[in-house]
Amino acid sequence: MAEELITKNLAAPVKLRAPRRTARKPWSVEEAKTFLESARRDGDPLYPAYVLILVLGLV
């Protein structure tokens, strides 16, 4: 439509529902510690990513 190649936006009348907001409960320090210890013990290749995610508070 911006380049005037089509005359009507067929998606314009579509109404989207608002996304559902779910209450999230962050992990406790003990839960995070247990998770990291398990990942390290199992040799999980994503262990460094898990550490960063938890340290930066992205969970």
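Residues numbered from 1 in each chain as written. Predicted model: local features only at pLDDT ≥ 70, side-chain atom pairs only at ≥ 80, totals over all residues. Heavy atoms only, no water.

Caption draft 1: Structural context of the packing of aromatic side chains. Scanning the model with the defined rule gives two aromatic pairs in all. Plain terms: the ring middles of Trp-27 and Phe-35 are 5.1 Å apart, the flat faces sit at 55 degrees to each other, and that makes the pair tilted. Relative accessible area serves as the criterion here: at 42%, Trp-27 is assigned to the partly exposed category. An aromatic cluster is defined as three or more aromatic residues linked by ring pairs; in this entry it consists of Trp-27, Phe-35 and Tyr-50. (Phe/Tyr/Trp six-rings, centres within 6.5 Å; stacked < 30°, edge-to-face > 60°. Buried < 20%, exposed > 50% of the residue type's maximum accessible area, 1.4 Å probe, protein only.)

Caption draft 2: Representation of the packing of helix α1 (residues 29-41) against helix α2 (residues 47-55) within the structure. Between α1 and α2, the shortest axis-to-axis distance is 9 Å and the interhelical angle comes to 165 degrees. Taken together, α1 and α2 sit at an angle that is classed as roughly antiparallel. By crossing handedness, the relation of α1 to α2 is classed as left-handed. In this structure, α1 contributes Ala-32, Phe-35, Leu-36, Ala-39 and Arg-40 to the contact, and α2 contributes Tyr-47, Tyr-50, Val-51 and Leu-54. Of the residues contributing to the contact of α1 with α2, the split by class is eight nonpolar, no polar and one charged. (Axes fitted to C-alpha atoms, helices over the stretch in contact; angles between N-to-C directions. Helix = DSSP H or I, 4+ residues; strand = E, 2+ residues; numbered from the N terminus. Parallel < 35°, antiparallel > 145°, perpendicular 65-115°, else oblique. Left-handed = near helix turned anticlockwise from the far one by under 90°. Contact = heavy atoms within 4.5 Å. Nonpolar A, V, L, I, M, F, W, Y, C, P; charged D, E, K, R; others polar.)

Caption draft 3: The arrangement of the environment of Ser-38 in detail. Here Ser-38 is to be found in helix α1. Exposure remark for Ser-38: the relative accessible area of 24% places this residue in the partly exposed category. When the C-alpha positions of Ser-38 and Pro-13 are compared, they lie 50 Å apart, and in sequence the two are 25 residues distant.

Caption draft 4: Geometry of α1. Taking 1.5 Å of rise per residue, the 13 residues of α1 would be expected to cover 18 Å, and the 18 Å separating its terminal C-alpha atoms lies within 8% of that figure. Residues Ala-32, Leu-36 and Ala-39 constitute the buried set of α1. Buried positions in α1, seen along its axis, are confined to an arc of 65 degrees and lie on one side of it. Residues of α1 that are exposed and point over 90 degrees away from its buried face: Glu-30 and Arg-41. A positive backbone phi angle near 70 degrees is found at Gly-43, which sits one or two residues after α1. (Expected span 1.5 Å × (residues − 1). Arc of directions from axis to C-beta.)

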